[in-house]
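# Reading the structure
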Amino acid sequence: MQWKSQVHNLKAYQPGKTMEDVKDEFNLEKVVKLASNENPYGCSPKVQSFIASAALSHAIYPDGYAKQLRMNVARHLSVEPQQLLFGNGSDEVIQMISRALLDRTKSTVMAAPTFPQYKHNAIVEGAEVREVPLDNEGRHQLGKMLDCIDETTAVVWLCSPNNPTGEYIHKDELLDFLNRVPSGVLVVLDEAYYEYVTADDYYDSIELLQIYPQLLVTRTFSKAYGLAGFRIGYGVGSIDVISKLEPIREPFNNNSLAQGAASAALDDQSFIKECRELNRNGLQKFYEFCENNGLKYLKSQANFILIEFGVSGDEVFQYLMSKGYIVRSGEALGYPQSVRITVGSPEQNEELISLMKEFLALARQY
Ligand SMILES: *Cc1c(COP(=O)(O)O)cnc(C)c1O
């Protein structure tokens, strides 16, 4: 068969062990997963009551335009409904952008390490990938990213707060970048963790869209809204940009139940506020743990933290998993001596921190 040549080197996404797998393997009663930055508090009770009462006809195709959800998100962000593009998760928005703009004649610029789907989709389309290392604080080097742009460059990917470092792009740097980037380059700003940000100098990216029509912001219902299983994410951009992307979208990519659940979740901003505050307190506990134990870490604006242990992240991961806590080894994330931990509930954080102390005590005996 005549596969695209780049398809031969692609690897399928490797799902982590399920909680059931880990229970069986280590003979545990309870397993906690703090590996994928899901919301430990679930989602708003409004979603639960919507689902209980949803009298949807499952034989009918969903509203492909997601009109109701579109209206609700447009009102929430104070943008026009035509400025929104809904995806089956923001993963699909990334895929649509790549399909529409990238091919063998194009290049695309991104940080490294960052969210892997930008690179993955660029490779599928055959585009040249130009990666610019993060600095030692885990932050984008926007000046160097600018230097990588030439006439072949179609898309630049920015991730703020960045996964897996949790660091954010500062406002002056972002504005400077947007002022200097050539106007024919689409700048994607992935804000999957936007709802968790508490930094005083964080920008209003939606406002920036009015000044920079080449900017496209992506957000998701998977993280703070607690709807990862429903798969709803979206892009917000200028009407021009969105109208070019909209024909790329599969006609019925967002299912009916998910659309309703997302609307119900959006309607409960006090849940989001509460989660943001609880997350902040949780991060503080992890910072204290790191400081008391001499571990390097990065300050996070997201709901996860990258902690450096000075040994292989796999080792830490294995130990914690054997005790019922699934985290993410940094080996696969570009930080081989670290683990990335999703901030859990107060009880989960406390338990995990005491397991990490146990690990350190054992590791330091040698
Ligand atoms: C989790 C995540 C996404 C994907 O979210 P979905 O909407 O669930 O597809 C996108 N970008 C970043 C940076 C993420 O961490």
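Thresholds applied
Every chain's residues receive numbers from 1 upward, in the order its sequence appears when written. Residues qualify for local features only when their pLDDT is at least 70, as the model is predicted, and side-chain atom pairs are given and counted only at 80 or more; totals for whole chains, interfaces and linings, by contrast, use all residues. Calculated side-chain values reflect all of the structure's heavy atoms, with hydrogen atoms and water omitted. A pair of strands is considered paired only if DSSP assigns at least 2 bridges between the two. A run of H or I in DSSP becomes a helix once it reaches four residues, and a run of E becomes a strand once it reaches two; helices and strands are each numbered from the N terminus. Note on method: axes are straight lines fitted to C-alpha atoms, helices fitted across the in-contact stretch only, with angles between N-to-C directions ranging 0 to 180 degrees. By nonpolar core is meant a set of buried Ala, Val, Leu, Ile, Met, Phe, Trp, Tyr and Cys residues that side-chain atoms within 4.5 Å join together. With a 1.4 Å probe rolled over the protein chains alone, any residue whose accessible area is under 20% of its type maximum counts as buried; one over 50% counts as exposed, and the rest are partly exposed. How far each domain reaches was decided by an automatic or database domain assignment. Any two residues having at least one pair of non-hydrogen atoms within 4.5 Å are treated as being in contact. Note on terminology: near, applied to a residue and a molecule or strand, indicates that one of the residue's heavy atoms is within 4 Å of it. In protein, a polar contact means a hydrogen-donor-capable atom and an acceptor-capable atom, both N or O and within 3.5 Å, with residues adjacent in sequence counting only if both atoms are side-chain atoms; elsewhere, any N or O pair within 3.5 Å suffices. All accessible-area figures derive from a Shrake-Rupley calculation using a 1.4 Å probe, and residue coverage is judged against the displayed protein chains alone. Asp, Glu, Lys and Arg are counted as charged, while Ala, Val, Leu, Ile, Met, Phe, Trp, Tyr, Cys and Pro are counted as nonpolar; the rest, among them Gly, fall into the polar class. Two parts placed together each lose some accessible area under a 1.4 Å probe, and adding up what both lose gives the buried area. Aromatic pairs are defined between Phe, Tyr and Trp rings, using the six-membered ring for Trp, whenever the two ring centres lie within 6.5 Å; interplanar angles under 30 degrees are classed as stacked, those over 60 as edge-to-face, and all others as tilted. The rule is short: NZ of Lys or CZ of Arg within 6 Å of the ring centre and within 35 degrees of the ring normal puts a charge over the ring. Note on disulfides: each one is a pair of cysteine sulfur atoms within 2.5 Å. Put simply, a salt bridge is a Lys or Arg side-chain nitrogen that is within 4 Å of an Asp or Glu carboxyl oxygen.

### Concerning the sheet that holds strand 5 (residues 153-159)
Spatially, 2-8-7-6-5-3-4 is the arrangement adopted by the seven strands of the open sheet, whose pairing is mixed. The strands lining the two open edges of the sheet, one partner per strand, are strand 2 (84-87) and strand 4 (128-133). On average, each strand axis in the sheet is inclined to that of its neighbour by 20°, with strand direction left out of account. Where strand 7 (residues 215-220) lies against strand 8 (residues 233-237), five bridges are found, and the strand directions are antiparallel. The partner of threonine 218 across the bridge, within strand 8, is glycine 235.

### Observations concerning the nonpolar core
Formed by 58 residues in total, the largest nonpolar core has its most connected members in Val73, Leu84, Leu158, Phe177, Leu215 and Phe221. The greatest single-element share of this core, amounting to six residues, is contributed by helix 10 (residues 256-266). Among the domains, domain 1 (12-43 + 270-363) and domain 2 (45-267) are the pair contributing at least three residues each to this core. Ignoring any residue separated from it by four or fewer positions in sequence, one finds valine 73 in contact with Leu84, Phe86, Phe221, Tyr234 and Leu266. One finds Ala35, Tyr325, Ile341 and Leu352 within the second-largest nonpolar core, a separate group that totals 32 residues.

### Description of the site of the ligand
What surrounds the ligand is a group of 13 residues, the closest being Ser90, Asp190, Thr220, Ser222 and Lys223. For the ligand, a nitrogen atom lies 2.6 Å from a polar atom in the side chain of aspartate 190. Between the ligand and the protein, one listed contact pairs an oxygen atom with a side-chain N or O atom of arginine 231 at 2.7 Å. Burial of the ligand by the protein amounts to 94% of the accessible area it has alone, namely 390 Å². For the shell around the ligand, the class distribution of residues is four nonpolar, five polar and four charged.

### Overview of the sheet that holds strand 10 (residues 304-308)
Overall, antiparallel pairing links the four strands, which are arranged 9-10-13-12 in an open sheet. Edge positions in the open sheet fall to strand 9 (296-297) and strand 12 (328-329), since each of these has one partner strand only.

### Side note on the domain arrangement of the chain
According to the domain assignment, the chain consists of domain 1 (12-43 + 270-363) and domain 2 (45-267). One C-alpha centre belongs to domain 1, the other to domain 2, and the line joining them spans 26 Å. Across the boundary between the two partners, domain 1 contributes 24 residues, which contact 28 residues of domain 2. For the pair domain 1 and domain 2, the summed buried area comes to about 2,100 Å², and 61% of that belongs to carbon and sulfur atoms.

### Re the environment of valine 311
Checked against the element boundaries, valine 311 lands in the loop between strand 10 and helix 12 (313-322). Take valine 311: its relative accessible area is 23%, and that puts it in the partly exposed class. Those residues in contact with valine 311, other than ones at most four positions away along the chain, are Val316, Pro336, Gln337 and Phe359.

### Let's talk about the packing of aromatic side chains
How two aromatic rings sit relative to each other is set out by the distance from centre to centre and by the angle between their planes. Under the definition given, this model contains 13 aromatic pairs. Measuring from centroid to centroid gives 5.5 Å for tyrosine 319 and phenylalanine 359, while their planes differ by 55°, and the two rings are tilted. Note that tyrosine 319 is positioned in helix 12 and phenylalanine 359 in helix 13 (residues 346-363), a separation of 40 residues in sequence. On the accessibility criterion, tyrosine 319 (15% relative accessible area) is buried. Taken together, the ring pairs connect Phe86, Phe221, Tyr225 and Tyr234 into an aromatic cluster. Positioned above the aromatic ring of tyrosine 65, the side-chain terminus of arginine 70 is 3.6 Å from the ring centre. Across from the ring centre of phenylalanine 304, 5.7 Å away, lies the NZ or CZ of arginine 340, which sits over that ring.

### Re the state of the cysteines
Within the structure shown, the criterion is met by zero disulfides. Unpaired in this structure, cysteine 159 has its nearest cysteine sulfur neighbour in cysteine 148, at a distance of 18 Å. Owing to a relative accessible area of 3%, cysteine 159 belongs among the buried residues under this scheme.

### Regarding the pattern of salt bridges
Tallying each qualifying case throughout the model produces 16 salt bridges. Of the charged contacts, one joins lysine 17 and glutamate 25 as a salt bridge, the two residues approaching to 3.5 Å between their closest N and O atoms. For lysine 17, a relative accessible area of 36% translates into the label partly exposed. Look at glutamate 25 and you get partly exposed, because its relative accessible area is 48%. With its nearest N and O atoms 2.7 Å apart, the salt bridge here joins glutamate 246 to arginine 249. The exposure classification of glutamate 246 matches that of arginine 249, with both residues buried. One salt-bridge network, held together by shared partners, links Glu128, Arg130 and Asp150.

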